[in-house]
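This is what each chain is made of:
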Amino acid sequence: MLRIGVLVSGGGTNLQAILDGIDSGFIPNAKIELVISNKSNAFALTRAAQANIETSIIGRKQFETPSAFDDALAARLKEAKIDLVLLAGFMAILGPGFFSDFQNKVMNVHPALIPAFSGPGYYGLKVHEAVLSTGCKVTGASVHFVTPEVDAGPLILQQAVEVKQGDDAETLQRRVMEEAEWKIYPEAVRLFALGLLEVHGRQVHINN
Ligand code: GAR
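For every chain, the first residue of its written sequence is number 1, and the numbers climb from 1 along that sequence. With pLDDT at 70 or above as the cut-off, local features in this predicted model cover only qualifying residues; side-chain atom pairs require 80 or more to be listed or tallied, and sums for whole chains, interfaces and linings still use all residues. For the side-chain quantities, the full set of heavy atoms in the structure was used; hydrogens and water were omitted.

*Asks:* Report on the pattern of salt bridges, specifying residues and quantitative values.
*Replies:* The rule for a salt bridge is simple: a side-chain nitrogen of Lys or Arg has to be within 4 Å of a carboxyl oxygen of Asp or Glu. Within the structure shown, the criterion is met by eight salt bridges. The salt bridge involving Lys31 is made with Glu33; its shortest N-O contact spans 3.8 Å. We note a salt bridge from Arg190 to Glu187, for which the minimum N-O separation is 3.1 Å. Of this pair, Arg190 and Glu187 both sit in helix 5 (residues 169-193), separated by three residues, roughly a single helical turn. Summary of the burial criterion: residues with accessible area below 20% of their type's maximum are buried, those above 50% are exposed, and those between are partly exposed, where the area comes from a 1.4 Å probe applied to protein chains only. Since its relative accessible area comes to 21%, Glu187 is described here as partly exposed. Bridged by salt links that share partners, the residues Arg3, Lys31 and Glu33 form one connected network. For the purposes of this entry, the term helix denotes a DSSP run of H or I that reaches at least four residues, the term strand denotes a run of E that reaches at least two, and both are numbered from the N terminus.

*Asks:* I'd like a description of the site of the ligand, backed by residues and values.
*Replies:* Near is defined per residue: the residue qualifies when any heavy atom it owns lies within 4 Å of the molecule or strand. As a structural note, the neighbourhood of the ligand is formed by 15 residues, with Gly12, Thr13, Asn14, Gly124 and Glu181 the closest of them. Counted as a polar contact is a pair of N or O atoms within 3.5 Å, where, for protein atoms, one must be capable of donating a hydrogen and the other of accepting one, and residues adjacent in sequence contribute only when both atoms are in side chains. Contact between the ligand and Gly12: an oxygen atom at 2.8 Å from a main-chain N or O atom of the residue. The contact in question runs from an oxygen atom of the ligand to an N or O atom on the side chain of Thr13, over 2.6 Å. Residue-level accessible areas treat just the shown protein chains as cover; the underlying method is Shrake-Rupley with a 1.4 Å probe. Taking 450 Å² as the accessible area of the ligand by itself, protein coverage stands at 92%.

*Asks:* An account of the pairing of strand 9 (residues 203-206) is requested, with residue identities and associated values reported.
*Replies:* Sheet analysis places strand 8 (residues 197-200) next to strand 9, joined by four bridges and oriented antiparallel. Across the sheet, the residue bridging to His200 is Gln203, located in strand 9. In this structure, the hairpin formed by strand 8 and strand 9 is closed by a connection of two residues, where Gly201 is found at a positive phi of approximately 60°. When DSSP finds two or more bridges between two strands, those strands count as paired.

*Asks:* So what about helix 5? Which residues, and what values?
*Replies:* When the terminal C-alpha atoms of helix 5 are compared, their 33 Å separation across 25 residues agrees well with the 36 Å that a helix rising 1.5 Å per residue should span. A residue's bend is the angle separating two fitted axes: one through the seven residues that end there, the other through the seven that start there. Helix geometry: helix 5 is bent most strongly at Met177, by close to 45°. Two or three places before Glu170, at the start of helix 5, stands the capping residue Asp168, its side-chain oxygen 3.1 Å from that residue's backbone nitrogen. Two residues or fewer past helix 5, Gly195 is found with a positive phi of approximately 70°. Helix span is expected to be 1.5 Å times the residue number reduced by one.

*Asks:* Go over the side chain of Arg76, please, and point to the residues and values.
*Replies:* When you line up the elements, Arg76 lands in helix 3 (residues 66-79). In terms of polar contacts, Arg76 uses its side chain to reach the side chain of Ser56, at 2.9 Å. A distance of 2.8 Å separates the side chain of Arg76 from the side chain of Glu79, its partner in a polar contact. By definition, residues are in contact when any of their heavy atoms lie within 4.5 Å. Excluding its chain neighbours within four sequence positions, the residues that come into contact with Arg76 are Leu34, Ile36, Glu54, Ser56 and Ile58.

*Asks:* Any chance you could break down the nonpolar core for me, citing the residues and the numbers?
*Replies:* Core analysis: the biggest nonpolar cluster contains 44 residues, and Ile4, Ile32 and Met107 have the highest contact counts within it. In this view, Ile4 contacts Ile22, Ala30, Lys31, Ile32, Glu33, Leu34, Ile82, Leu84, Leu86 and Val189; residues no more than four positions away in its chain are not counted. In this description, a nonpolar core means a group of buried Ala, Val, Leu, Ile, Met, Phe, Trp, Tyr and Cys residues linked to one another through side-chain atoms lying within 4.5 Å. One finds Ile36, Ala72, Leu73 and Val106 within the second-largest nonpolar core, a separate group that totals 21 residues.

*Asks:* Explain the packing of helix 4 (residues 125-134) against helix 5 to me, and be specific about the residues and the numbers.
*Replies:* Packed helices, taken two at a time, are described by the angle between their axes plus the distance between the axes. Interaxial angle, 0 to 180 degrees, is taken between N-to-C directions of lines fitted to C-alpha atoms, where a helix line uses only the stretch in contact. Put simply, helix 4 and helix 5 touch, their axes get as near as 9 Å, and they point 110° apart. The angle between helix 4 and helix 5 places the two elements in the roughly perpendicular class. Residues Leu125, His128, Glu129, Val131 and Leu132 of helix 4 form the contact with helix 5, whose participating residues are Ala169, Glu170, Leu172, Gln173 and Val176. Oblique is the label for every angle not falling under 35 degrees (roughly parallel), over 145 degrees (roughly antiparallel), or within 65 to 115 degrees (roughly perpendicular).

*Asks:* So what's going on with the packing of aromatic side chains? Which residues, and what values?
*Replies:* Aromatic rings from Phe, Tyr and Trp, taking only the six-membered ring of Trp, are treated as a pair when their centres fall within 6.5 Å; an angle between ring planes under 30 degrees marks them as stacked, one over 60 as edge-to-face, and anything in between as tilted. Inspection of every chain in the model, using the stated rule, returns five aromatic pairs. Taken together, a centroid distance of 5.5 Å and an interplanar angle of 20° make the contact between Phe98 and Phe102 stacked. Members of the aromatic cluster, connected to one another through ring pairs, are Phe98, Phe99 and Phe102.

*Asks:* Quick one: what's the story with the environment of Ile114, residue by residue and with numbers?
*Replies:* The residue Ile114 is located in the loop between strand 5 (106-110) and helix 4 in this model. Since its relative accessible area comes to 8%, Ile114 is described here as buried. Note: C-alpha distance between Ile114 and Thr139 (25 residues apart in sequence) is 9.6 Å. Look past the residues within four positions of Ile114 in its chain and what remains in contact with it is Ser142, His144, Asp151, Leu155 and Gln158.

If you want it as structure tokens, here you go:
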């Protein structure tokens with residue numbers, strides 16, 4: 001059984017998509033054991049409680065240094081014997097210390113086609129605002145393994161989404177979630193649970 005830990009900060013719709021994927025059997029042999037939020041008011045915590053999943057709140061401000069925050073997160077995940085960590089709208093940056101125990105075991109979903117509109121400063125609605133102000137006709141979402149360099153780890157899956165005339169950041173965010181994020185994130189977790197992902201440098205091979 002794959003023990004999953006999910007890190008969240010907000011609404012938790014991607015957490016919900018993973019929960020639904022497990023409940024329906026699409027993601028086999030896996031269970032979300034722990035949800036950690038860095039924000040005490042994140043609606044994702046309510047979703048976790050409704051699904052009877054243990055939750056923790058660990059905020060950056062509780063610690064003097066970024067590395068102490070990283071250590072606290074890693075310690076909590078190790079205590080829960082987590083095999084795979086999912087960042088699902090987690091709006092904090094993890095430092096190198098976090099990854100020593102979780103190399104190629106941390107995934108993130110980003111609401112754009114990496115390397116476009118990614119890296120420091122590109123998160124949430126800001127990504128969609130930047131896509132619209134650039135006049136792009138196509139955007140999308142990416143799931144990747146997380147490394148200390150923001151949004152630069154090996155890409156697992158990407159899905160393109162049309163930008164429509166008249167979109168604002170909210171309508172575009174919703175379409176990217178519905179047509180891309182909520183599909184490719186459960187699919188990436190399914191592939192991991194089945195042992196079908198192999199990382200070779202920057203490339204991820206899918207053995208199916
Ligand atoms: C999602 O669109 C996710 O891709 C994005 O925040 C939203 C969280 O929604 N993440 C980032 O921008 C990370 N760089 P959710 O809380 O409903 O899953």
